Amino acid sequence: MFFQIVDILGTIAFAISGALIAMNKRMDPFGVLIIAFVTAVGGGTLRDVMIGIEPVSWMRNMTFVYVIIGSAAFAVVFRKRISYLRKSLFLFDTIGIALYTVVGVETGLVAGLHPLICIAMGTMTACFGGVLRDILCNEIPVVFRKEIYATACILGGLTYFLLLQFFEDRNYLFVIAGLVVIIVRLIAVRYKISLPTLYKKDEDIL
Amino acid sequence: MFFQIVDILGTIAFAISGALIAMNKRMDPFGVLIIAFVTAVGGGTLRDVMIGIEPVSWMRNMTFVYVIIGSAAFAVVFRKRISYLRKSLFLFDTIGIALYTVVGVETGLVAGLHPLICIAMGTMTACFGGVLRDILCNEIPVVFRKEIYATACILGGLTYFLLLQFFEDRNYLFVIAGLVVIIVRLIAVRYKISLPTLYKKDEDIL
Amino acid sequence: MFFQIVDILGTIAFAISGALIAMNKRMDPFGVLIIAFVTAVGGGTLRDVMIGIEPVSWMRNMTFVYVIIGSAAFAVVFRKRISYLRKSLFLFDTIGIALYTVVGVETGLVAGLHPLICIAMGTMTACFGGVLRDILCNEIPVVFRKEIYATACILGGLTYFLLLQFFEDRNYLFVIAGLVVIIVRLIAVRYKISLPTLYKKDEDIL
């Protein structure tokens, strides 16, 4: 129950963030709805399709469909005042990636995949909605360029599997992994920590 | 039989539209063929993969493969004269999205999905070939920015499920839903109706 | 055994090429790793998902995961000196697309698909990792614009099915098909042969 409410808060944050960026790009209402959808469910859809869980999750749970449509409508109606919500949305978003990471890791575990693949699935669930959003908006995905975002998800996933060596209760471990994601992200944003950009070569090799 | 001919006309229109845009982008013949393919079958492929119908439809029906290859070749050979066909192609394209919408809705129904998801599948089948085409050509998908296009598909899908409350014969309903798509699109283009672009914010929130 | 080593060499070349292009785009280390991954396994992933082989191949074979992570790390560490490897990498890459083509054709055959679809699967396996890499880096895919690259894969696939009319031993045919891919690509690069760009129209039709 608690998890489900948090999951819905995360979905709301993702959908609103997608809708805002779509409006920035001067899309029409249909485009705004699609981008909201893709941001919220894109990562999980990729994960499900690659693992073979079909029809993909959101097609079988209408709650999320309604929440996303409602969030997109909310973002459109209150687009001028939404900056007051900036802090709440950032918090929802951070909680969202934590929960999406945990859901992705768990989905990988249920499918019997290797721990490294499970961590990849968790990171993909949390981050690839944003990647698809940026591709549809014709941008280089922001997650590849700045901010500790995916790194927080990877660290959360690693924590889970490290602790699994010592503890058995998976539910607690999921909570701890999620908290690691949240704390790493909050610290990174608070202290403006980001991964370094690597050397820019002048030309390609291949 | 009638349906199949219309379906092929739609596929031809989509493939030619893809080939023309690829030539606009100065792609080589291989690129032109791929973009023609993606435009014609991309939406249905996404739908099949997300529902779990695999191998995806076009891999099991060589008619479409031959039609697409032929259409791309036709577009390449007659690229200088194809503007005479402008009106026919627009008509084929409009018939195409109507039929693709109906096929998508039906595929969702057969998979036992919720009506809203079926409408989404219909719209995806009709519109996401063009979305993928625009992504491969490095453009913001045109369907998100202008013209009543996806909206026509959504209205067609809604009509189907509204009438399903009152009538039973699904074949007639499919025809009516397809006609709604065609009429909405023709009226929108004739009177230059489009959805409004929403407020442009100066910066992102998340 | 021989095949597996060649396959790994190809994967290394793809992963390094992806990592270099990601560094060119000033991505952070996480972005570099993802692009390396997508370049190396993207084509096979698309193929598996469209045919319905899930979980997709790389999730079930950790060797490739380790090889890709190692290659990306290598590319990051030696990014300033990697131009000395230019020729080796080009050779690995060429061997890589030959082997990926053969693997893709074989996967299609095992799934009982039509020869034309098998050739498409081979070409997709070899080329679409690079296509996805370019999309994530916000470029028009290079494979659609220049160089005999996909064409070599298509010719290799055609050779396989032509010879299948006369010979029975599939293993030999795979080797021959792979050699055709390599030779066509080497000749094309050596003599700077490329497919012609087609006529650029001034405006779209549809």
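Definitions and limits used
Residues numbered from 1 in each chain as written. Chains lettered and ligands numbered in written order. Predicted model: local features only at pLDDT ≥ 70, side-chain atom pairs only at ≥ 80, totals over all residues. Heavy atoms only, no water. UniProt positions renumbered as here; feature names shortened; annotations may be inferred. Core = buried A, V, L, I, M, F, W, Y, C linked by side-chain atoms within 4.5 Å. Buried < 20%, exposed > 50% of the residue type's maximum accessible area, 1.4 Å probe, protein only. Contact = heavy atoms within 4.5 Å. Buried area = accessible area lost by both parts, 1.4 Å probe. Salt bridge = Lys/Arg side-chain N within 4 Å of Asp/Glu carboxyl O. Polar contact = N/O pair within 3.5 Å; in protein donor to acceptor, adjacent residues only side chain to side chain. Helix = DSSP H or I, 4+ residues; strand = E, 2+ residues; numbered from the N terminus. Nonpolar A, V, L, I, M, F, W, Y, C, P; charged D, E, K, R; others polar. Phe/Tyr/Trp six-rings, centres within 6.5 Å; stacked < 30°, edge-to-face > 60°. Disulfide = S-S within 2.5 Å.

- Named according to an unreviewed UniProt entry, chain A is Trimeric intracellular cation channel family protein originating from Winogradskyella damuponensis.
- Entered under Sequence similarities (unreviewed entry) in the UniProt record, the comment concerning chain A runs "Belongs to the UPF0126 family."

1. With respect to the nonpolar core
Logical step 1: Membership of the largest hydrophobic core comes to 197 residues, with the highest contact counts inside it found for W58(A), W58(B) and W58(C).
Logical step 2: Dropping the residues within four chain positions of it, W58(B) is found in contact with F37(B), V41(B), T45(B), V65(B), M50(C), I117(C) and M121(C).

2. Quick word on the interface of chain B and chain A
How big an interface is tends to be expressed through the accessible area that disappears when the partners come together.
Logical step 1: If you look at the interface, chain B gives 36 residues, while chain A gives 39 residues.
Logical step 2: In this assembly, chain B packs against chain A so that about 3500 Å² is buried in total across both faces, 72% of it on carbon and sulfur atoms.
Logical step 3: Applying the counting criterion to the chain B and chain A interface returns 0 salt bridges.
Logical step 4: Summed over the shared surface of chain B and chain A, the result is 3 residue pairs in polar contact (both at pLDDT 80 or more).
Logical step 5: The element that contributes the greatest number of residues to the side of chain B that touches chain A is helix α5 (residues 115-136) of chain B, accounting for 7 residues.
Logical step 6: Its residues assigned to classes, the side of chain B that touches chain A shows 22 nonpolar, 5 polar and 9 charged.

3. A short note on the side chain of R47(B)
Residues and elements named next belong to chain B.
Logical step 1: With respect to the element layout, R47 can be found in helix α2 (residues 29-51).
Logical step 2: Classification of R47 by relative accessible area gives buried; the value is 5%.
Logical step 3: Side chain to side chain, R47 and T125 meet in a polar contact 3.2 Å long.
Logical step 4: Once residues lying within four places of it in the same chain are set aside, the contact partners of R47 are S57, V103, G104, T107, M121, M124 and T125.

4. Remarks on the packing of aromatic side chains
Residue and element names in this part refer to chain B.
Logical step 1: Scanning the model with the defined rule gives 15 aromatic pairs over all chains in all.
Logical step 2: Taking 4.8 Å as the distance between ring centres and 10° as the angle between the ring planes, the aromatic pair formed by Y160 and F174 counts as stacked. Here Y160 is found in helix α6 (residues 150-164), whereas its partner F174 is found in helix α7 (residues 170-190), with 14 residues between them in sequence. Judged on exposure class, the residue Y160 and its partner F174 are both buried.

5. Section: the UniProt feature "transmembrane region" (unreviewed entry) in chain A
Residues and elements named next belong to chain A.
Logical step 1: Under the present numbering, the feature "transmembrane region" (unreviewed entry) in UniProt falls on residues 6-23, 30-46, 58-78, 90-107, 113-136, 148-166 and 172-191.
Logical step 2: End-to-end, the C-alpha atoms of residues 6-23 are 26 Å apart, and along that stretch the chain is 100% helix and 0% strand.
Logical step 3: With 92% helix and 0% strand, residues 113-136 has its two end C-alpha atoms placed 30 Å apart.

6. As for the state of the cysteines
Logical step 1: Taken as a whole, this structure holds 0 disulfides over all chains when the rule is applied.
Logical step 2: The thiol of C127(A) is unpaired, and the distance to the nearest cysteine sulfur, on C153(A), comes to 4.0 Å.
Logical step 3: No disulfide involves C137(C); its sulfur sits 17 Å from the nearest other cysteine sulfur, which is in C127(A).

7. As for the interface of chain B and chain C
Logical step 1: Taken residue by residue, the interface counts 38 residues in chain B and 36 residues in chain C.
Logical step 2: Note on chain B versus chain C: buried area summed over both sides is about 3400 Å², and carbon and sulfur give 72% of it.
Logical step 3: Contact with chain C buries area across many residues of chain B, yet N24(B), F30(B) and M59(B) alone supply 19% of it, more than any other trio.
Logical step 4: Connecting chain B to chain C are 0 salt bridges.
Logical step 5: One can count 3 residue pairs in polar contact (both at pLDDT 80 or more) joining chain B with chain C.
Logical step 6: When contributions to the side of chain B that touches chain C are tallied by element, the ones reaching two or more residues are α1 (2-24), α2, α3 (62-77), α4 (86-110) and α5 of chain B.
Logical step 7: Sort the elements by how many residues they give to the side of chain B that touches chain C and α2(B) lands first, with 8 residues.

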